[in-house]
Amino acid sequence: MSPASVKNEQDSDSDSDVEFEDVPISLPNRPRNREDRGIPITIPATPQPQWTPTLSLPPQRSQPIPSGSEEEVQLRGHISTGIERVTYRKMKSDMGMDAPGTPASERRYNGFKELAADVEGLIDALWASATPAIQTEALITLAGLTQTSLPAFPFDAPPTLNILYKLDSVFAALCTGTHPLTGAVLPGAQLGHSLVTETQKVRIRSLAERTRYEVFSCLEKSKDGVNAGTVNTGGYGYGDDEDEDSGDEVEPWMLEATRVYEKSLMLLAEQDPEVDAGMDEFNCL
């Protein structure tokens with residue numbers, strides 16, 4: 001074999017022993033435009049409602065209203081008249097009509113937000129009275145009226161969840177005897193003692209469960225375009241894209257719906273077997 005052949009064979013063997021990781025990889029240089037530099041990469045996020053429920057309560061009396069007093073009669077009359085007015089205006093909304101010259105306070109509701117405002121005014125009057133003998137029964141009536149009114153209007157998320165949060169907070173306060181904002185003992189209450197009877201607890205729990213179901217039902221109808229079409233988000237957490245479908249608008253509010261009557265249900269779920277037995281009997285009626 002000639003020296004040239006030996007040299008070529010050695011060169012070939014030497015090339016075959018080179019490991020791949022030792023071989024530098026060069027990429028062709030691509031000219032970059034100025035516009036390409038500094039372009040941020042954005043990942044679209046699932047829209048979340050930039051919203052939290054708010055709770056405002058008026059100051060309370062230092063003591064409950066004396067039973068049989070003129071003040072008690074006036075409060076009962078005010079609450080009774082208010083509930084009748086809400087019921088009447090809601091009935092007119094179902095009918096979709098108003099007589100000419102009807103006063104503004106008696107016109108049909110144009111949306112759930114108006115009904116919720118009237119209900120909230122009555123809740124505030126009951127709370128300020130600091131009188132459990134009147135508060136609890138009237139609040140149960142208002143909570144029931146609110147629940148049955150939900151399907152009558154296009155679902156309006158913020159005012160609906162706000163009024164339900166307020167009802168939940170007040171019911172939980174009466175069940176524990178403590179103020180929902182300050183933690184102070186309520187007027188006429190004793191620390192650790194409930195201002196709500198066992199029968200009333202059963203009714204509150206049943207109302208809470210039915211209302212939660214109703215909220216989810218209304219959201220599903222909005223998502224499917226039944227009756228309401230799309231949920232009214234109140235401008236929270238969404239853009240103004242007209243092409244956004246109702247499913248995209250409804251989905252983030254489902255999480256908020258899971259918190260409906262959260263405080264009351266957690267409290268009442270911890271009750272003794274007598275309350276659970278009463279709940280079963282109540283559901284059988």
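Residues numbered from 1 in each chain as written. Predicted model: local features only at pLDDT ≥ 70, side-chain atom pairs only at ≥ 80, totals over all residues. Heavy atoms only, no water.

**Examining the overall build of the protein chain**
Moving on, step 1. In terms of helices and strands, the protein chain carries 10 helices and zero strands.
Moving on, step 2. Sequence-ordered secondary structure for the protein chain, helices as α and strands as β, is α-α-α-α-α-α-α-α-α-α.
Moving on, step 3. The 285 residues of the protein chain split such that 38% are buried.
Moving on, step 4. Taking as baseline every contact in the protein chain between residues at least 6 positions apart, the subset at least 24 positions apart corresponds to 73%.
Moving on, step 5. On the protein chain, roughly 17,000 Å² of surface is accessible, and the fraction owed to carbon and sulfur atoms is 52%. (Helix = DSSP H or I, 4+ residues; strand = E, 2+ residues; numbered from the N terminus. Buried < 20%, exposed > 50% of the residue type's maximum accessible area, 1.4 Å probe, protein only. Contact = heavy atoms within 4.5 Å. Areas by Shrake-Rupley, 256 points an atom, 1.4 Å probe, with all protein chains shown as cover.)

**A short note on the confidence of the model for the protein chain**
Detailed reading of the predicted coordinates is not advisable wherever pLDDT is low.
Moving on, step 1. Predicted confidence across the protein chain gives a mean pLDDT of 79, with 67% of residues reaching 70 or more.
Moving on, step 2. When the elements of the protein chain are averaged for pLDDT, helix 10 (residues 273–284) gives the smallest value, 48, and helix 3 (residues 112–129) the largest, 97.
Moving on, step 3. Across residues 237–244, confidence stays below pLDDT 50; counting only partners more than four residues off in sequence or on other chains, it has 14 contacts.
Moving on, step 4. Note on residues 278–285: pLDDT is under 50 here. Beyond four places in sequence and across chains, it has 10 contacts. (pLDDT = per-residue confidence, 0-100.)

**Considering the packing of aromatic side chains**
Moving on, step 1. On inspection of all chains with the given rule, the structure shows two aromatic pairs.
Moving on, step 2. Ring centres 6.4 Å apart and planes at 65° place the aromatic pair F112 and F153 in the edge-to-face group. Here the residue F112 occupies a position in helix 3, and F153 occupies one in the loop between helix 4 (132–149) and helix 5 (157–176), the gap between them amounting to 41 residues. Taken as a pair, F112 and F153 share a single burial class, namely buried. (Phe/Tyr/Trp six-rings, centres within 6.5 Å; stacked < 30°, edge-to-face > 60°.)

**Let's talk about helix 2 (residues 70–95)**
Moving on, step 1. The end-to-end C-alpha separation of helix 2 is 38 Å, in line with the 38 Å expected for 26 residues at 1.5 Å each.
Moving on, step 2. Every buried residue belonging to helix 2 is among E72, L75, I79, G82, I83, V86, R89, K90, K92 and S93, and all of these are buried.
Moving on, step 3. Next to the buried residues of helix 2 lie helix 3 and helix 4.
Moving on, step 4. Of the residues one or two after helix 2, G96 is the one with positive phi, at around 70°. (Expected span 1.5 Å × (residues − 1).)

**A closer look at the pattern of salt bridges**
Moving on, step 1. Using the criterion set out here, one finds 11 salt bridges in the structure.
Moving on, step 2. Residues participating in the shared-partner salt-bridge network are E120, D124 and K166. (Salt bridge = Lys/Arg side-chain N within 4 Å of Asp/Glu carboxyl O.)

**Description of the environment of G183**
Moving on, step 1. By the element assignment, G183 lies in the loop between helix 5 and helix 6 (198–224).
Moving on, step 2. For G183, a relative accessible area of 47% corresponds to the partly exposed category.

**Overview of the packing of helix 5 against helix 9 (residues 262–269)**
Moving on, step 1. The geometry of helix 5 relative to helix 9 is characterised by a closest axis approach of 7 Å and an angle of 30° between their N-to-C directions. Taken as axis vectors, helix 5 and helix 9 run roughly parallel relative to one another. Counted together, Y165, D168, S169, F171, A172, C175 and T176 of helix 5 and E262, K263, S264, L267 and L268 of helix 9 form the full contact between these two elements.
Moving on, step 2. Of the residues contributing to the contact of helix 5 with helix 9, the split by class is six nonpolar, three polar and three charged. (Axes fitted to C-alpha atoms, helices over the stretch in contact; angles between N-to-C directions. Parallel < 35°, antiparallel > 145°, perpendicular 65-115°, else oblique. Nonpolar A, V, L, I, M, F, W, Y, C, P; charged D, E, K, R; others polar.)

**Quick notes on the packing of helix 4 against helix 5**
Moving on, step 1. For the pair helix 4 and helix 5, the least separation of the axes is 11 Å and the interaxial angle reads 155°. By the criterion of interaxial angle, the relationship of helix 4 to helix 5 is roughly antiparallel. Crossing geometry of helix 4 relative to helix 5 is assigned as left-handed. When helix 4 is examined against helix 5, the residues Q135, T136, L139, I140, A143 and T146 are found in contact with a partner set consisting of I163, L164, L167, V170, F171 and L174.
Moving on, step 2. Considered class by class, the residues forming the contact of helix 4 with helix 5 number nine nonpolar, three polar and no charged. (Left-handed = near helix turned anticlockwise from the far one by under 90°.)

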